[in-house]
Amino acid sequence: MPVSLDIDISAPDLVLTRAETAATERVAALLCGRPEGVLLDEPAWVAAARDHWEELPARLRRALRAFRRAPGPGGALLVRGLPVGGPALGGTPLADGSVQRVATVPASVLMLAACGLGDPAAFRPEKTGALVQDVVPVPGREEFQGNAGSVLLTFHNENAFHPHRPDFVMLLCLRADPDGLAGLRTSCVREVLPLMDQGTRAALHRPEFRTAPPPSFGAAEGPAEPHPVLTGAYEDPDLRVDMAATEPLTERAAGALAELRILFERTARTARLEPGDLAIVDNRITVHGRTAFSPRFDGTDRWLQRTFVLADLRRSRAHRAGDGYVLADPAAYGA
């Protein structure tokens, strides 16, 4: 079996200057408590964030817009130096399903970035449809294949089962793993394809795979529809797979999926995020996962905040009540 390269990508794509960090914090602070009494999940608050996007430092805006159009061979962007609140944060949450409803500086930073990449979005069954979600280890969920766990998290496209899965996944680090073990892992189809056997590639383009929704979404009515893992342009395809939830339906598909798993490991890149680091994953072409770590559950554990982005919000209109930002039609799951 090929040895994993697991390249360290701690070197960021963009490092903000102190002046740019301060300017970003001023913009984010304007959104805290404004409009008065409006929670950040509400359309009026998102509209305010969209208006303030233009006030962010020009280098940050250019980097996000360039990544939206051309995510590069790795399909991930790492920005360093964003404001996240420092000592005023308090302890890392321990509750399962922890989210952010009130605007804080880091939550506002995430939402500002989301408005630059497209539109923020969430799924009602997942963490109650919050637009900003805490990614923290939860006591008793150590073995869980999800953001609450601390075992090795297998490679996956976020919500791979869903017809309107996110285009981008954003992860902002508020607190690093104190032991330095937890790392965001990514692998991009653009780096995998040149290493892939042609028979495997052809098999991955066939609709011989089925991806189940995670338990948090509830049971879909009947089995999910078969789908290919690779779709779109043959020379630069999109990727749709979850190594913990995608089932091959034929022997040929099983062999292709096994090779894909090996190639993800061969091309894996790991980023051990520090406070103020924002990792953005292009969910259309890149899978992500996480290394295993040992949480302490004492308030000092790794704490990320996550927001999903849809580049074309209109396509999911039938699943969003009142043209809001939360997808809520369970009949669409697995379609």
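Notes on the structure follow. Note that the coordinates shown come from a computational prediction; the quantities given were computed from them, not determined experimentally.

Looking at unusual backbone geometry
Most of the time, phi is negative for any residue but glycine, and the peptide bond is trans.
No. 1: Positive phi values are uncommon outside glycine, yet threonine 128 reaches one of about 55°.
No. 2: With respect to the secondary-structure elements, threonine 128 resides in the loop between β5 (119-123) and β6 (132-135).
No. 3: Here asparagine 159, not a glycine, exhibits a phi torsion of approximately 50°, which is positive.
No. 4: Within the secondary structure, asparagine 159 sits in the loop between β7 (153-156) and β8 (168-175).

Description of the nonpolar core
Buried together is how nonpolar side chains tend to be arranged in soluble globular proteins.
No. 1: In this structure, Met170, Leu278 and Ile280 are the most contacted members of the largest nonpolar core, which totals 63 residues.
No. 2: At 10 residues, helix α4 (residues 105-117) tops the list of elements feeding residues into this core.
No. 3: For methionine 170, the residues in contact, after removing those within four places along its chain, are Leu110, Ala113, Ala114, Leu117, Leu278, Ala279, Ile280, Gln305, Arg306, Thr307 and Val309.
No. 4: Listed in part, the 23 residues of the second largest apolar core include Val189, Ala253, Ala256 and Ala268.

With respect to helix α3 (residues 58-69)
No. 1: The end-to-end C-alpha separation of α3 is 17 Å, in line with the 16 Å expected for 12 residues at 1.5 Å each.
No. 2: For α3, every residue scored as buried is listed here: Leu60, Arg61, Ala63, Leu64 and Phe67. When α3 is viewed along its axis, its buried side chains cluster within an angular range of 165° and face the same direction. In this structure, α3 carries Arg62 and Arg69 as exposed residues pointing more than 90 degrees from its buried face.

Comments concerning the pattern of salt bridges
No. 1: For the coordinates displayed, the defined rule picks out 18 salt bridges.
No. 2: Here aspartate 282 and arginine 284 are joined by a salt bridge, their closest N and O atoms 3.0 Å apart.
No. 3: For aspartate 282, a relative accessible area of 2% gives the class buried.
No. 4: Look at arginine 284 and you get partly exposed, because its relative accessible area is 24%.
No. 5: Between aspartate 312 and arginine 315 there is a salt bridge whose closest N-O contact spans 3.2 Å.
No. 6: Judged by its relative accessible area of 36%, aspartate 312 is partly exposed.
No. 7: Beyond isolated ion pairs, a larger network of salt bridges with shared partners links Glu54, Arg61 and Arg65.

A short note on empty space enclosed by the protein
No. 1: Taken as a whole and judged by the stated rule, the model has 1 cavity of 30 Å³ or more.
No. 2: A volume near 40 Å³ is recorded for the largest cavity.
No. 3: Lining the largest cavity are Thr24, Leu56, Leu60, Leu82, Val109, Leu112, Ala113 and Leu278.
No. 4: For the lining of the largest cavity, the per-class residue count stands at 7 nonpolar, 1 polar and no charged.

A closer look at the environment of glutamine 305
No. 1: By secondary structure assignment, the location of glutamine 305 is in strand β17 (residues 303-310).
No. 2: Not counting the four nearest positions on each side in its chain, glutamine 305 is found in contact with Gln100, Pro106, Ala107, Leu110, Val132, Gln133, Asp134, Met170, Leu171, Leu172 and Leu174.

With respect to the packing of aromatic side chains
No. 1: Within the structure shown, the criterion is met by 3 aromatic pairs.
No. 2: With 5.9 Å between their ring centres and 50° between their planes, phenylalanine 67 and phenylalanine 168 make a pair best called tilted. Within this pair, whereas phenylalanine 67 is found in helix α3, its partner phenylalanine 168 is found in strand β8, the two being separated by 101 residues in sequence. Comparing phenylalanine 67 with phenylalanine 168, the two get one shared label, buried.
No. 3: Judged by centre distance (6.1 Å) and plane angle (65°), the rings of phenylalanine 123 and phenylalanine 308 are edge-to-face. Here phenylalanine 123, found in strand β5, pairs with phenylalanine 308, found in strand β17; they are 185 residues apart in sequence, far enough to count as distant. With respect to burial, phenylalanine 123 and phenylalanine 308 carry one shared label: buried.
No. 4: Cation over ring: arginine 141 sits above phenylalanine 144, and NZ or CZ is 4.1 Å from the ring centre.
No. 5: Lying across the ring of tyrosine 234, arginine 201 places its NZ or CZ 4.2 Å from the centre.

Cut-offs and rules
Residues numbered from 1 in each chain as written. Predicted model: local features only at pLDDT ≥ 70, side-chain atom pairs only at ≥ 80, totals over all residues. Heavy atoms only, no water. Helix = DSSP H or I, 4+ residues; strand = E, 2+ residues; numbered from the N terminus. Core = buried A, V, L, I, M, F, W, Y, C linked by side-chain atoms within 4.5 Å. Buried < 20%, exposed > 50% of the residue type's maximum accessible area, 1.4 Å probe, protein only. Contact = heavy atoms within 4.5 Å. Expected span 1.5 Å × (residues − 1). Arc of directions from axis to C-beta. Salt bridge = Lys/Arg side-chain N within 4 Å of Asp/Glu carboxyl O. 1 Å grid on protein atoms, 1.4 Å probe; cavity = no way out; pocket = protein on both sides within 12 Å on 5 of 7 lines; lining within 4 Å. Points joined across faces, edges and corners; volume = space filled by probe spheres on them. Nonpolar A, V, L, I, M, F, W, Y, C, P; charged D, E, K, R; others polar. Phe/Tyr/Trp six-rings, centres within 6.5 Å; stacked < 30°, edge-to-face > 60°. Lys NZ or Arg CZ within 6 Å of the ring centre and 35° of its normal.

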